[in-house]
Amino acid sequence: MAVTTANGRVLGTEHKKRVAVGSAVGTTVENYDFIGFGTAAALYLGDAFFPDSDPTTALLYSFGTLGVGFAARPLGGIIGGYLGDKIGRRPVLIASLLVMGLSTVLIGALPTYETAGILAPILLVTVRIIQGLAFGAEWGGAILMTYEHAPWRSKGAYTAIPQAGFPLGLLLANLAFLASASLPGDWAWRVPFLLSSILIGAGMYIRLKVEESPDFEDAKEQGELVKNPLAEVVRQDWRNLLRAFGLRIAETAGYAVSISYVTSYVHDQGLAERPDTILAIVVAALIGFPATLLWGRLTDRIGRKPVYAFGTTLMLLFGVPMFLMLNTGDLGLIIAVFVIAFAVCQNSLAGTQGAWFAELFSTATRSSGASLAYQLAAVVSGFTAFAAVAAYEAFGWAGPAGLFILFGLIGLVATLATPETNGPARRAEVERATAAATTSPSASTTAAV
């Protein structure tokens, strides 16, 4: 898309770093909340909310509750994306963080089946749905605010900053669960959810200081906002919606198998104790935080497509070795599995998505398009851990290994079908625009963005 803009925008806005950090703080808080539920579902919630079931059925119920939150995310993405294109990215960011944080604190205060009977799982599902709605609205605003403030030559590096909120949120959530593992009874899983109240305050303070997207403000001033951005993107950009959906499936469903399901697998098979499993996730998240930033930076240098092709190809190759390594019961190999699956496979995809998805859609429909594609894939991934349990019951460890490979294949096909938005020609054009902006502050330039 050709856009004429002042050279100051070629170099990004003056608030670009504050916006990136503010978006990252918010995504960290929301991922702490949302991902923490996955850890709790794998290790605790089956016993607390479905105690009358046998262990496998309780785990299925627990993962089913996890999936409900993912199923609600597309609706949150539709609402958040639509409002982001109509009223701005900033209000959606603030509202989604507040709703997400409050619902997470409520989970920590819910009664269990022992004290409230059938009402307990009903309340859990209800609050989980609210979590999903808020999380669905979050991603598009955080990424697009960062993308639209960022320098042209560093879109990948900047959008990887809020994407790094995923491993950072994962790290904080599992550190909280690791610290609380020795607490008596339900406090082992309640305390991490209740601690979210501290993060809400920090996140809200920073997000209230984040400025609105300059691209949205420009489109608003020029009368380029469309009446119904959701309908427009479905009608005009359905191909890119399908492509982004396929790209996202590999990342999010692959994570559901290799992290969410594997967390319960190593525990249920007696391969690792709960603290050891959480330790493995913590190590992976520690490495994943800088890894996501580096993957994003790499896409600015060599393009979005090569990085994504590498990550999805590795998924194809790693599915069987992953379970062979896990089945040894060796803690070092188990940690290595989590590191490879997360910091390399998942993070290489996540670090690319922010810029690539934003570049597939125009400014007027970017929030709706990117959010819808991103969150629709969450429906599949939300029930992937559930499917992995069923696949194991039918085929042993080869079942979930096959699922992981399948999602890698879907992602690779989508990668090959999606146009490169940061190829050599565009990178050369951006370099020329950047050089002109640096040497001639008063000029204007036109470049593809």
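No experiment lies behind these values; they were computed from the predicted model shown. (Residues numbered from 1 in each chain as written. Predicted model: local features only at pLDDT ≥ 70, side-chain atom pairs only at ≥ 80, totals over all residues. Heavy atoms only, no water.)

Q: Can you tell me about the overall build of the protein, naming the residues and giving the values?
A: Helix and strand content of the protein: 21 helices and two strands. Whereas a compact globule of 449 residues would reach a radius of gyration of roughly 22 Å, the protein reaches 21 Å, a difference of no more than 12%. Put simply, the protein has 449 residues, and 58% of those count as buried. Treating the 29 positive side-chain charges of the protein as one cloud and the 31 negative ones as another, the clouds have centres 10 Å apart. (Helix = DSSP H or I, 4+ residues; strand = E, 2+ residues; numbered from the N terminus. Rg over C-alpha atoms; globule rule 2.2 N^0.38 Å. Buried < 20%, exposed > 50% of the residue type's maximum accessible area, 1.4 Å probe, protein only. Lys, Arg positive; Asp, Glu negative; His and termini not counted. Charge placed at Lys NZ, Arg CZ, Asp CG, Glu CD.)

Q: Help me get a handle on the side chain of Thr-263, residues and values and all.
A: Note that Thr-263 resides in helix 14 (residues 238-268). Classification of Thr-263 as buried rests on a relative accessible area of 3%. A distance of 2.5 Å separates a polar side-chain atom of Thr-263 from the backbone oxygen of Ile-259. Beyond its immediate stretch of four places on either side in the chain, Thr-263 contacts Ala-42, Leu-43, Thr-277, Ile-281 and Phe-338. (Polar contact = N/O pair within 3.5 Å; in protein donor to acceptor, adjacent residues only side chain to side chain. Contact = heavy atoms within 4.5 Å.)

Q: Outline the nonpolar core, supporting the account with residue identities and numerical values.
A: Ranked by size, the top nonpolar core spans 89 residues in total, and within it Phe-49, Trp-189, Phe-323, Leu-326, Phe-338, Phe-342 and Phe-357 carry the most contacts. Of the residues forming this core, the biggest block, 14 residues, is contributed by helix 17 (residues 331-359). Trp-189 has contacts with Tyr-44, Leu-45, Ala-48, Phe-49, Ile-107, Leu-110, Thr-112 and Phe-177, leaving out every residue within four places of it along the chain. (Core = buried A, V, L, I, M, F, W, Y, C linked by side-chain atoms within 4.5 Å.)

Q: Which residues make up the packing of aromatic side chains, and what values do they have?
A: In this description, a pair of aromatic rings is defined by centroid distance and the angle of the planes. Tallied over the full model, the rule gives 13 aromatic pairs. Between Tyr-265 and Phe-323 the ring centres are 5.3 Å apart and the planes differ by 80°, which places this aromatic pair in the edge-to-face class. Residue Tyr-265 is located in helix 14, and its partner Phe-323 is located in helix 16 (residues 304-326); the two are separated by 58 residues in the primary sequence. Classification of Phe-323 by relative accessible area gives buried; the value is 0%. With centroids separated by 5.6 Å and ring planes inclined at 65°, the aromatic side chains of Tyr-308 and Trp-356 adopt a geometry described as edge-to-face. Remark: Trp-356 occurs in helix 17 and Tyr-308 occurs in helix 16; sequence separation between them is 48 residues. A relative accessible area of 0% means that Trp-356 is categorised as buried. An aromatic cluster of at least three residues, connected via ring pairs, comprises Tyr-44, Phe-49, Phe-177, Trp-189 and Phe-193. (Phe/Tyr/Trp six-rings, centres within 6.5 Å; stacked < 30°, edge-to-face > 60°.)

Q: Talk me through a nonpolar patch on the surface; I want residue IDs and the actual numbers.
A: A cluster of nonpolar side chains, Leu-75, Ile-79, Leu-83 and Ile-87, forms an exposed patch at the surface whose accessible area comes to about 340 Å². Among the secondary structure elements, Leu-83 is positioned in helix 4 (residues 55-86). For Leu-83, a relative accessible area of 33% gives the class partly exposed. (Patch = residues over 30% accessible without salt bridge, like charges linked within 9 Å, V, L, I, M, F, W, Y side chains within 5 Å. Areas by Shrake-Rupley, 256 points an atom, 1.4 Å probe, with all protein chains shown as cover. Salt bridge = Lys/Arg side-chain N within 4 Å of Asp/Glu carboxyl O.)

Q: Explain helix 8 (residues 155-163) residue by residue, including any values.
A: When you tally the buried positions in helix 8, you get eight out of nine residues, the bulk of the element. Of all the residues in helix 8, the buried ones are Lys-155, Gly-156, Ala-157, Tyr-158, Thr-159, Ala-160, Pro-162 and Gln-163.

Q: Any details on the packing of helix 13 (residues 229-236) against helix 18 (residues 366-382)? Residues and values, ideally.
A: The contact between helix 13 and helix 18 brings their axes to 8 Å, and the two run at 70°. If you check the angle between helix 13 and helix 18, you find them roughly perpendicular. Of the two possible hands of crossing, helix 13 and helix 18 adopt the one that is right-handed. Residue-level contacts link Pro-229, Leu-230, Val-233 and Val-234 of helix 13 to Ser-368, Gly-369 and Leu-372 of helix 18. Among the residues making up the contact of helix 13 with helix 18, the classes are represented as five nonpolar, two polar and no charged. (Axes fitted to C-alpha atoms, helices over the stretch in contact; angles between N-to-C directions. Parallel < 35°, antiparallel > 145°, perpendicular 65-115°, else oblique. Left-handed = near helix turned anticlockwise from the far one by under 90°. Nonpolar A, V, L, I, M, F, W, Y, C, P; charged D, E, K, R; others polar.)

Q: Describe the pattern of salt bridges, listing the residues and the values that go with them.
A: Throughout the structure, instances matching the rule amount to five salt bridges. Of the charged contacts, one joins Glu-251 and Arg-248 as a salt bridge, the two residues approaching to 2.3 Å between their closest N and O atoms. With Glu-251 and Arg-248 both in helix 14 and three residues apart, this pair spans about one turn of that helix. The same class applies to Glu-251 as to Arg-248, namely buried. Several salt bridges share partner residues, and in doing so they unite Asp-300, Arg-304 and Glu-359 into one network.

Q: Any chance you could break down the environment of Asp-330 for me, citing the residues and the numbers?
A: Relative to the helices and strands, Asp-330 resides in the loop between helix 16 and helix 17. C-alpha of Asp-330 to C-alpha of Thr-277: the two residues are 53 residues apart in sequence and 12 Å apart in space.

Q: Hey, could you go over the confidence of the model for the protein for me, with residue numbers and the actual values?
A: With 91% of its residues at a pLDDT of 70 or more, the protein has an overall mean of 84. Predicted confidence in the protein is weakest over strand 1 (residues 2-6), with a mean pLDDT of 38, and strongest over helix 16, with 97. In the predicted structure, residues 443-449 sits below a pLDDT of 50 and forms 29 contacts with residues beyond four places in sequence or in another chain. (pLDDT = per-residue confidence, 0-100.)

Q: Please provide a residue-by-residue account of the packing of helix 9 (residues 165-180) against helix 10 (residues 187-194), values included.
A: Contact geometry of helix 9 with helix 10 gives a least axis separation of 8 Å together with a crossing angle of 145°. The hand of the helix 9/helix 10 crossing is right-handed. Contacts between helix 9 and helix 10 pair Ala-176, Phe-177 and Ser-180 from the former with Trp-187, Ala-188, Trp-189, Val-191, Pro-192 and Phe-193 from the latter.

Q: Account for the environment of Leu-83, with residues named and values stated.
A: Along the chain, Leu-83 and Asp-268 lie 185 residues apart, while their C-alpha atoms are 43 Å from each other. The residues touching Leu-83, leaving out its near neighbours within four places in the chain, are Gly-88 and Val-92.

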